[in-house]
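Topology and contacts: notes
Chain residues, written in single-letter form:
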4 protein chains.
Amino acid sequence: MSRIDKKQAILDTALTLFVSQGFYATSTASIAKKAGVATGTLFHHFPSKEALINHLYLSIKQEFADAIQSKISQKGELKTDAQNLWQVAINWAMENPLKQEFFQQYSMSPSIASEVRLQAMNSILGFMGQLIKQGQKAGVLADYPLSLMLESCHGQYLAATRYFIDNPTSWKDEEYKRSSFAMFWNAMKA
Amino acid sequence: MSRIDKKQAILDTALTLFVSQGFYATSTASIAKKAGVATGTLFHHFPSKEALINHLYLSIKQEFADAIQSKISQKGELKTDAQNLWQVAINWAMENPLKQEFFQQYSMSPSIASEVRLQAMNSILGFMGQLIKQGQKAGVLADYPLSLMLESCHGQYLAATRYFIDNPTSWKDEEYKRSSFAMFWNAMKA
Amino acid sequence: MSRIDKKQAILDTALTLFVSQGFYATSTASIAKKAGVATGTLFHHFPSKEALINHLYLSIKQEFADAIQSKISQKGELKTDAQNLWQVAINWAMENPLKQEFFQQYSMSPSIASEVRLQAMNSILGFMGQLIKQGQKAGVLADYPLSLMLESCHGQYLAATRYFIDNPTSWKDEEYKRSSFAMFWNAMKA
Amino acid sequence: MSRIDKKQAILDTALTLFVSQGFYATSTASIAKKAGVATGTLFHHFPSKEALINHLYLSIKQEFADAIQSKISQKGELKTDAQNLWQVAINWAMENPLKQEFFQQYSMSPSIASEVRLQAMNSILGFMGQLIKQGQKAGVLADYPLSLMLESCHGQYLAATRYFIDNPTSWKDEEYKRSSFAMFWNAMKA
DNA sequence: CATGAATGAGTGTTCATTCAT
DNA sequence: AATGAATGAACACTCATTCAT
């Protein structure tokens, strides 16, 4: 196993254990053991357990942002774009349930340094903010305060993924898919 | 200080410390000290630290449910009722920011036994479920799957309180108040 | 074993182990085990290993100062007083070889906080300083700079106890006893 | 940087760090880093951390012995020779404060193997022993037991250098210089 | 020779919990 | 019921040392 493999093995194992047992109930020793490395190796790559979870948080947020932005295109028809975005975002969650679960658990938790949380939030919200402003200019979206809309979007997304991850078959059901987008869209439309 | 006072002091202090430092970063000794009781006393009232936070969770959820249900009345006009409900619910959060923050942090956290979480959830959602079903029968609310709507409601509520607790002055601003309800209502309306 | 007994057992054991193995080679666990208490108990009485050795250092210095000052009397004839002082001080060292060894090892070591070292030093040196000044005024002692004389006294005392502890039978030999005092006294006399 | 340069860099850095932080508080990694070499390199030159400090101790003792012996000459007048010796020895300490401080800290510490300490001691004391014996034969020095006098000399030297290193300007003051030698000499003279 | 990633035994310290008073 | 000293398992983290490159 190469250097990079070891680092990745630590990150992967940490993700699994943090989600299934929680941050504090997961000892660094157990991460190292399950990842197949020595305890010291974990601390060779990450200066502390805190640094490990922060790194995990940021890298997953980045991975999510990259996945979304690479797959959506703006063709002009905003509702279609939004529908596409919603589908891609929830698809990502369905394909990465562990990572999504990680967000659900740690987005509000004091285990993640608040500055890290902010930094991650802004990278995504900047992008969403642009979209919403465009929609408002075009008269398609309601003129609610931007920051409130962003928080609402985020809340709806968390709620929808929570639901579909707990009930994965529903995501294959067109009625559920359509309903979830409808609630998301109607909340914001003009 | 009487028995009951001591028990309450422990609960109050635990709430404050769990929210500001997190469950695992808060030692039972520090709770006892700040509450002005001996370390052993905490364990006379609660068999374990886990039992303490579970008790806290359930009692706050109950307090919330009581506060809501005592203040809303169903006059027949569903939208007005909903508006009233939304306002009452967010008011409660604004008046009890520590308790609301506690929900935000622990609703998704493995610190709370999942059965306790479910139990608390159902007591509130049962009530909400009734309201939504009525609205659908009356043709005022859209016919989306009930469980999905409940999750969405919950998500919107969490998002809104998150926002207003972070920006308390906005809750005095009619535009923000109206906007937040509009998003909540439009998401669900027929 | 009572509370105080446990604390004392910890101090006694720490003294023995610190002297025989050194501060860093002595684990807190080994101190606790040999003292017959749990590891946590050590930290119940001393907030840290550092605090333990500092406490040890100060309490032994105090014990030495008390022992000396209780046994010497100033009759006016300074040389006789000095001889008495020298004998009492070395006797103390011979009767407390562990404590003397502790000084030898830790008086110069960075294991003891420098402020603690200073504090201890001053309590003894204040007393010695008085004696020397009296001797100078009486014309019995040479008019060397006081601080230099104090350092020299200390050095002679450390050297003598080092020697007699390594060669305990010599302390019963009048020639050695007389010689050691002669060097001490002649160094300072007018 | 050549092999020898690297080895010297390691020794120099080790000296600095051992003195300023203590042996156990100085990690081999920190020595290597500050010396500008890899961690493994340190272990190419010294089989262990222990070996490193022992080497350091012996080489500095040797350096001291060489410096002293190269600069003193025995002209016959013992007091003058002694004065010269005292001055040269303290001068060396003043010019090599780090190395002197190293002795102060480690001469009594268990960090240095006791056999190494003895070996170093004897190389110097052998030389001093000769001088004292000559002085006694010539009737200039008192007939105290030799081993006791050697220990006393050493103690006075340590005390004097401690003082002058802490108060470097005093060493330029003739009064202090004269006083320190006077105490040293009077202690031993016949 | 030189490197630095990897190792894993060992450390100081914490803390939920117990129990004699 | 209330206390707080005592417990000891568990933890995050360190570090001298090794060895493949």
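This is a predicted model, so every value here is computed, not measured.

**Topic: the protein's contact with DNA strand E**
Around DNA strand E, the surrounding shell holds 32 residues, and the nearest of these are T41(A), H45(A), T28(B), K49(C) and T41(D). Considering the 4 Å shell around the protein, atoms of DNA strand E inside it are sugar or phosphate in 65% of instances. Here a phosphate oxygen of DNA strand E and a side-chain polar atom of H44(A) are 3.2 Å apart. Between a base nitrogen of DNA strand E and a side-chain N or O atom of T39(D), the distance comes to 3.0 Å. Secondary-structure elements contributing two or more residues to the surface near DNA strand E are α1 (3–21) and α3 (39–45) of chain A, α2 (28–35) of chain B, α3 (39–45) of chain C together with α1 (3–21) and α3 (39–45) of chain D. Looking at the surface near DNA strand E, its residues break down into seven nonpolar, 19 polar and six charged.

**Observations concerning the relation of the copies chain C and chain D**
Turning chain C through 180° and shifting it by 0.0 Å along the axis lays it on chain D, with an RMSD of 0.1 Å. Both chain copies can therefore be described as sitting about a two-fold axis. Every residue of chain C has its C-alpha some distance from the rotation axis, and the shortest such distance is that of A187(C), at 2.1 Å.

**So, the domain arrangement of chain A**
When the parts come together, some accessible area is lost, and that loss is often what is quoted as the size of the interface. Residues and elements named next belong to chain A. For chain A, the assigned domains read domain 1 (1–46) and domain 2 (50–188). On a C-alpha basis, the centroid separation for the pair domain 1 and domain 2 is 28 Å. Listed per partner, the contact involves 14 residues of domain 1 and 13 residues of domain 2. The contact between domain 1 and domain 2 buries some 1200 Å² in all, and 80% of this surface belongs to carbon and sulfur atoms. The interface formed by domain 1 and domain 2 includes zero salt bridges. Summed over the shared surface of domain 1 and domain 2, the result is three residue pairs in polar contact (both at pLDDT 80 or more).

Definitions and limits used
Residues numbered from 1 in each chain as written. Chains lettered and ligands numbered in written order. Predicted model: local features only at pLDDT ≥ 70, side-chain atom pairs only at ≥ 80, totals over all residues. Heavy atoms only, no water. Near = heavy atom within 4 Å. Polar contact = N/O pair within 3.5 Å; in protein donor to acceptor, adjacent residues only side chain to side chain. Helix = DSSP H or I, 4+ residues; strand = E, 2+ residues; numbered from the N terminus. Nonpolar A, V, L, I, M, F, W, Y, C, P; charged D, E, K, R; others polar. Least-squares fit on C-alpha atoms with pLDDT ≥ 70 in both. Domains from an automatic or database assignment. Contact = heavy atoms within 4.5 Å. Buried area = accessible area lost by both parts, 1.4 Å probe. Salt bridge = Lys/Arg side-chain N within 4 Å of Asp/Glu carboxyl O.

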